[in-house]
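Here is what each chain is made of, one letter per residue.
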Amino acid sequence: MIAQNLLNGLMSGWIYILVALGLTLVLSIVGIVQLAHGEIYMIGAYIVYYFCVSAGLNFFPSLLISILCVGLLGVVIERFFLRPFRDDVEGAIITTIALILILQTAMVAIAGESYKDIPSPIQGVLTVLGARLSWERLLTILVSIALVSLLLIFINKTKIGQAMVAVSEDREAAALQGINVNRVSSVAMFLGCALAAAAGGLTGAIFDVTPFIGGFALMKGIEVIILGGLGSISGAIIGGLILGLVDGLVTPLLSVQMAGIISLVVIILILLFRPQGLLGHE
């Protein structure tokens, strides 16, 4: 049971990390808290569902299509909905709240409110020292780690990745050095939404999908970036693992509600000693 709970916690933690990294990229580079990020996560899950069930594709091509489609949707959202409000905090908040309502309503109209189930990409369990571990949860962890690793390589080893770092540190100085800030913002939005779509598709293969699953994902993503430190990718990874393990270990013993309360208490205690988060900067 301990091994299974740890695995569940790690799986939740890596899903939280994917969502939080998307939020971190958009916040650091676009300069806007994308409150509709949970709905992006939800749309990613539905695209995987429809390609798996309606089109009959394998889970992995469906997941790849979802990542690409939702990433492109993110580019459209950044260009036409977020960019005009880059320096207008109130306008950006109102716009992203409107996007939440638009995307939820559109998905209810398309898919209805009934639960959808994405076929599992892999069946069975792995038995290790008497512990039974679900293959689909192990797969979710491995795919999440691979995606995060690719993101880190992209940021650290490519020219556009380094431009993203420069814009996140000082947008005006980066623009003066000849960096196309609008292009970098579009790339950041693509990557952030693509990660959210991957998280939604992976989670949808384990849990049910509805048009209202985005709220929980957004809440966890915000908790992770606050705990890890605003704008810190490493902080988001550490914060996601901490909250995931808390959820994985506390939920079977108490309840989902108590796990949420304990997660918030952990965040508050850490912020009392480090107001900027674990790896954030003052």
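This text goes with the structure placed above it.
So, a few notes on the structure that sits alongside this text.

### Digging into helix α11 (residues 256-273)
Across its 18 residues, α11 extends 27 Å between first and last C-alpha, which sits within 8% of the 26 Å expected from 1.5 Å per residue. Those residues of α11 that sit buried are A259, S263, I267 and I270. When α11 is viewed along its axis, its buried side chains cluster within an angular range of 80 degrees and face the same direction. Facing away from the buried side of α11 by over 90 degrees, the exposed positions are Q257, I268 and L272. Contacts from the buried residues of α11 go to α9 (214-228) and α10 (233-253).

### A short note on empty space enclosed by the protein
Taken as a whole and assessed by the stated rule, the structure comprises one cavity of 30 Å³ or more. Space inside the largest cavity adds up to approximately 30 Å³. Together, F59, P121, E136, L139, T140, L202 and A205 line the largest cavity. For the lining of the largest cavity, the element with the most residues is helix α5 (residues 135-157), which contributes three residues. The residue makeup of the lining of the largest cavity, split by class, is five nonpolar, one polar and one charged.

### What to know about the nonpolar core
Counting 82 residues, the largest nonpolar core has Y41, F59 and I118 as its most contacted members. Among the elements that take part in this core, helix α1 (residues 2-30) stands out by supplying 15 residues, more than any other. With near-sequence residues (within four places) excluded, F59 lies in contact with V48, C52, I118, P119, P121, G201, L202 and A205.

### Brief notes about the packing of aromatic side chains
Summed over all chains, the structure comprises four aromatic pairs. Following the ring pairs from residue to residue traces out a cluster consisting of Y46, Y49 and Y50. The side chain of R79 reaches across the aromatic face of F80, ending 5.3 Å from its centre.

### Observations concerning the pattern of salt bridges
Per the counting criterion, the structure on display carries five salt bridges. Of the charged contacts in the structure, one is a salt bridge between E136 and R137, with a shortest N-O distance of 3.7 Å. Given a relative accessible area of 17%, E136 falls into the buried group. Salt bridges here are not isolated pairs; linked through shared partners, they connect E78, R83 and R86.

Reading guide: rules and limits
- Residues numbered from 1 in each chain as written.
- Predicted model: local features only at pLDDT ≥ 70, side-chain atom pairs only at ≥ 80, totals over all residues.
- Heavy atoms only, no water.
- Helix = DSSP H or I, 4+ residues; strand = E, 2+ residues; numbered from the N terminus.
- Expected span 1.5 Å × (residues − 1).
- Buried < 20%, exposed > 50% of the residue type's maximum accessible area, 1.4 Å probe, protein only.
- Arc of directions from axis to C-beta.
- Contact = heavy atoms within 4.5 Å.
- 1 Å grid on protein atoms, 1.4 Å probe; cavity = no way out; pocket = protein on both sides within 12 Å on 5 of 7 lines; lining within 4 Å.
- Points joined across faces, edges and corners; volume = space filled by probe spheres on them.
- Nonpolar A, V, L, I, M, F, W, Y, C, P; charged D, E, K, R; others polar.
- Core = buried A, V, L, I, M, F, W, Y, C linked by side-chain atoms within 4.5 Å.
- Phe/Tyr/Trp six-rings, centres within 6.5 Å; stacked < 30°, edge-to-face > 60°.
- Lys NZ or Arg CZ within 6 Å of the ring centre and 35° of its normal.
- Salt bridge = Lys/Arg side-chain N within 4 Å of Asp/Glu carboxyl O.

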